[in-house]
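Structural characterization, general
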Amino acid sequence: MRLLQRPLHKLCFSPTSVLMASKKIFNSSFLSSPLPTSSHRHLLNTCKLPFSTFPLKPTSRILPLCLKTNGYSSFSNDNGTVLLENPMLKDSPKFSILKLKLEELGMDCDEISMPGQYNHLLCPMCKGGSNEEKSLSLHIDEDGGAAVWQCFRGTCGWAGNTRAFADSRSSYETSRKITKTKIKRQITVEGLELEPLCDELVAYFAERMISRQTLQRNAVMQKRCPDGQIVIAFTYQRKGELVSCKYRDIHKKFWQEADTEKIFYGLDDIKETSDIIIVEGEMDKLAMEEAGFRNCVSVPDGAPASVSSKDLPPEEKDTKYQYLWNCKEYLKEASRVILATDGDNPGQALAEELARRLGRERCWRVKWPKKNDVDHFKDANEVLMYLGPQVLRETVENAELYPIRGLFNFRDYFNEIDAYYYRTLGYEFGASTGWKALNHLYNVVPGELTIITGVPNSGKSEWIDALICNLNESIGWKFALCSMENKVREHARKLLEKHIKKPFFDARYGESAERMSMEEFEKGKQWLNDTFYLIRCEDDSLPSIKWVLDLAKAAVLRHGVQGLVIDPYNELDHQRPVSQTETEYVSQMLTRVKRFAQHHACHVWFVAHPRQLHNWVGSPPNLYDISGSAHFINKCDNGIVVHRNRDPEAGPIDQVQILVRKVRNKVAGTIGEAFLLYDRVSGQFMDIDDPRGLKQSHD
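Since the model is a prediction, treat every value here as computed from it, not as a measurement.

1. Side note on the overall build of the protein
Counting its secondary structure elements, the protein contains 21 helices and 27 strands. Residues counted as buried form 45% of the 699 residues belonging to the protein. Across the protein, every contact between residues at least 6 apart in sequence was considered, and the portion connecting residues at least 24 apart equals 62%.

2. Some words on the sheet that holds strand β5 (residues 136–140)
Taken in spatial order, the four strands of this open sheet run β4-β5-β6-β7, and their pairing is antiparallel. Of all strands in the sheet, those with a lone pairing partner are β4 (118–121) and β7 (159–163), marking the two edges. On average, each strand axis in the sheet is inclined to that of its neighbour by 20 degrees, with strand direction left out of account. Bridging between β5 and strand β6 (residues 146–151) involves five bridges; their strand directions are antiparallel. Bridge pairing in β6 places L138 opposite W149. Packed onto the sheet, helix α4 (residues 93–104) meets β5, β6 and β7 and runs at close to 145 degrees relative to β7.

3. Digging into the packing of aromatic side chains
Using the criterion set out here, one finds 22 aromatic pairs in the structure. Considering the side-chain rings of Y678 and F685, the 4.9 Å spacing of their centres and the 45 degrees angle between planes classify their relative orientation as tilted. Three or more aromatic residues joined by ring pairs make a cluster, and in this case those are Y427, W477, F479, W527, F532 and W605. Taking the ring centre of F293 as reference, the NZ or CZ of R393 above it sits at 4.5 Å.

4. A few points about a negative patch on the surface
Together, E103, E104, D108 and D110 make up a region of like negative charge exposed at the surface. Residue placement: D108 occurs in the loop between α4 and β4. On the accessibility criterion, D108 (36% relative accessible area) is partly exposed.

5. Digging into the pairing of β5
For β5, the tally of buried residues reaches five of five residues, placing the bulk of the element in the interior. A two-sided burial pattern is seen for β5, the buried positions comprising L136, L138 and I140 on one face and S137 and H139 on the other. Where β4 and β5 come together, four bridges link them in antiparallel fashion. Looking at the pairing, N119 lines up with L138 of β5. A loop of five residues connects β5 with β6, the two strands running antiparallel in sequence, and G144 in this loop sits at a positive phi of about 75 degrees.

6. Section: the pattern of salt bridges
In the structure shown here, the tally under the stated rule is 35 salt bridges. Two residues, R224 and E195, come together in a salt bridge whose shortest N-O distance is 3.0 Å. You can see R224 sitting in strand β9 (residues 220–224) and its partner E195 sitting in strand β8 (residues 194–196), a full 29 residues away along the chain. The closest approach of N and O atoms between K332 and E329, which form a salt bridge, is 2.9 Å. Within this structure, R217, D269, K285, E289 and R294 form a network of salt bridges that share partners.

7. Observations concerning the sheet that holds strand β11 (residues 241–248)
Judged by pairing direction, the sheet is antiparallel, and its five strands sit side by side in the order β8-β9-β10-β11-β12 without closing on themselves. Looking at which strands have only one partner, the edges of the open sheet turn out to be β8 and β12 (254–256). Pairs of neighbouring strands in the sheet enclose a mean axial angle of 40 degrees, with direction left out of account. Across five bridges, the pairing between β9 and strand β10 (residues 230–238) is antiparallel. When the bridges of β10 are listed, K223 appears paired with V231. On top of the sheet, helix α7 (residues 199–207) reaches β9, β10 and β11; it is set at about 75 degrees to β10, its chief contact. Lying over the sheet, helix α9 (residues 282–290) contacts β9, β10, β11 and β12, oriented at roughly 70 degrees with respect to β10.

8. Brief notes about the confidence of the model for the protein
Scored by pLDDT, the protein comes out at a mean of 82, with 82% of its residues at no less than 70. Throughout residues 690–699 the model reports pLDDT below 50, and contacts reaching past four residues in sequence, or to other chains, amount to 18 contacts.

9. Regarding the packing of helix α13 (residues 380–387) against helix α14 (residues 389–397)
Packing of α13 against α14 leaves a shortest axis separation of 7 Å and a crossing angle of 140 degrees. Our classification of the angle between α13 and α14 gives oblique. Facing α13, whose interface residues are A380, V383, L384 and L387, α14 presents P389, V391 and L392. Residues of the contact of α13 with α14, tallied by class, amount to seven nonpolar, no polar and no charged.

10. Notes on the environment of C126
Among the structural elements, C126 can be located in the loop between β4 and β5. Residue C126 is classed as buried on the basis of its relative accessible area, which comes to 18%. A sequence separation of 30 residues divides C126 from C156, and the C-alpha atoms of the two residues are 6.2 Å apart. Ignoring anything within four residues of it in the chain, the contact list for C126 reads S135, C151, R153 and C156.

What counts, and at which threshold
- By convention here, each chain's residues receive numbers from 1 onward along its written sequence.
- Local features are withheld for residues below a pLDDT of 70 in this predicted model, meaning they are given only at 70 or higher, and side-chain atom pairs are given and counted only at 80 or more; totals for whole chains, interfaces and linings count all residues.
- Hydrogens and water molecules were not included; the side-chain quantities draw on all heavy atoms of the structure.
- Here a helix means four or more residues in a row that DSSP labels H or I, a strand means two or more in a row labelled E, and each is numbered from the N terminus.
- Classification of residues uses two cut-offs on accessible area relative to the type maximum, computed with a 1.4 Å probe and protein chains only: under 20% is buried, over 50% is exposed, and between them is partly exposed.
- It only takes one pair of heavy atoms within 4.5 Å for two residues to be counted as in contact.
- Each pair of strands is called paired provided DSSP finds at least two bridges between the two strands.
- Axes here refer to lines fitted to C-alpha atoms; in helices the fit is confined to the stretch in contact. Angles between the N-to-C directions go from 0 to 180 degrees.
- When the centres of two rings from Phe, Tyr and Trp lie within 6.5 Å, Trp using its six-membered ring, the rings pair. Their planes under 30 degrees apart give stacked, over 60 give edge-to-face, and anything left gives tilted.
- Cation placement over rings: the criterion is NZ of Lys or CZ of Arg within 6 Å of the ring centroid and within 35° of the ring normal.
- A patch consists of residues exposed above 30% relative accessible area that lack any salt bridge, with like charges linked at up to 9 Å and nonpolar side chains (Val, Leu, Ile, Met, Phe, Trp, Tyr) linked at up to 5 Å.
- Shrake-Rupley sampling with a 1.4 Å probe provides the accessible areas, and residues are treated as covered by the protein chains on show and by no other component.
- Each salt bridge in this description consists of a side-chain nitrogen of Lys or Arg and a carboxyl oxygen of Asp or Glu lying within 4 Å of one another.
- In summary, the charge assignment counts Lys and Arg as positive and Asp and Glu as negative, without counting His or the chain termini.
- For charged residues, the charge sits on one atom: NZ in Lys, CZ in Arg, CG in Asp, CD in Glu.
- The predictor reports its confidence for every residue as pLDDT, a score running from 0 up to 100.
- Throughout this description, any angle smaller than 35 degrees is read as roughly parallel, any larger than 145 degrees as roughly antiparallel, any in the 65 to 115 degree range as roughly perpendicular, and the remainder as oblique.
- Note that Gly is not counted as nonpolar here; it falls among the polar residues with everything else outside the nonpolar set of Ala, Val, Leu, Ile, Met, Phe, Trp, Tyr, Cys and Pro and the charged set of Asp, Glu, Lys and Arg.

Structure follows, in structure tokens:
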């Protein structure tokens, strides 16, 4: 027998080999006729030592009989497999420290063999399941200084590594996500026993408008299953070599060869092409060829149920779409990728997942033609079958740019523009305030921001309350109110007086006017409850603008409110980073408010007080006087100053001046001034028959 010397630390065996060896030793004449010492040395130094890198799962806990010679232990079996164990390495400080760390992780180190081997242990995380399966594969480095492990139970997957002189970085939550690496099978047509298509399957494809020539060029074959069934075999090739194979039976059930590399079907057809078409199934790939497109591939695994809400995983963990990364050399040169996936929800989800990985900027998408008034054709093969190759070709040639979030063209908005032109949206010119004097100056447009200012006690809040009461009466709008300066009961009184047009009380300001009756009061309470929704901070903290807008969004979605009142700005919490100026903060805050208004088609009235006016002589302030920033006038859609006369010699003191200082949308109004009469008893604002009732500005 030819003998071959091997390094001791690279030898390993399978546990089953050990068991077999022990039986052989018990039954042989080897024990009855011991070898001389010199013969032992000859065996240890010169014996041929075959070994296995991936041992089998142990089937017995019986320890083999050991022959100890010259400080080494050896085991032998019928096949001649020999293990040599170095006790010096097992007792090394490095290996001892490593085992202590593994014990701290819950591994049973009594079952760990010498370094350089694979060990099958009970996983400390899953405990081997109900069967207590030894599913944890642990490998110790040859020098005994490091270990790597992975549990191969499908519901566990715990994996990690550690070193004798470095802390373990493993944790159940992170290492369990490590991708299990499998050796890819090498397959051949002969090995899979694939055959040319029979006439029956060729006829089946012909019914789907796929020709024999197309089938032959794409190497579509068949396979005979053990039960006698003949199934279609779609061969996945790269550079002319078989990489994988996918099968389809008569019931449209699919399966693939296990442990083969995932690639596109038809991969060689897109080599060095600038335009690539990606479809969802092999039949669609063949249909595209019938329409004249060979530069087409199909995904191997079908479509997901929905688009993932998670961030894209790294390449090595993107298992569902690993075929993209395996074929990236074919894809990277393509300047245009046409996504012709199925028209159902999973198909559109697949298109989105592909676009996320390939880059939306170079993707186009196919919209399948309509089948009837309601439905569309589902995929390429369906269009080929019912409408023919020419219509399929035109459909692909008319593919549209894949939408990129935030990037549009006007065609995307043509329906909205048409509705605006034909005035079918509603409130294209804005809703009337209810005062004739303001009809040409200011109208309320959904989705806009109006800034209201004025000196203290000029009637800003009263005027807004009167305005929203008018809007509710005329068009039925509902409102969310964030009015921090008003107590709830006082605000309810003001709104009820404007709605019922009678005083809440019959004393003092009520004068001789009739007080609202109990019946009117009860109906008024129901009106309050149906019309307004309060945004209030019940504790001592100040509400932030984000908190207000989040609640306003809930009011829009839950109650259908069309207007939001924030009164006033200085009652909000305006904490900001030290590095941020007030001007920058106000700009960002108003941008957030405007986006809320536009997104929810909700008009927002925002009250902001002017800064302290020195040497004020009674004239109305302007929008640039608002405390905080000029952005209040720069960013708003409408800017209004409410001013009340305080000088009896200048006119009636119950006269209120409404100064419209900014209107962005000329369709809804213009700059100008109007005068209204304030009824202190009922809180109403009314038009007055006065030449100064409307004084248009021509600035």
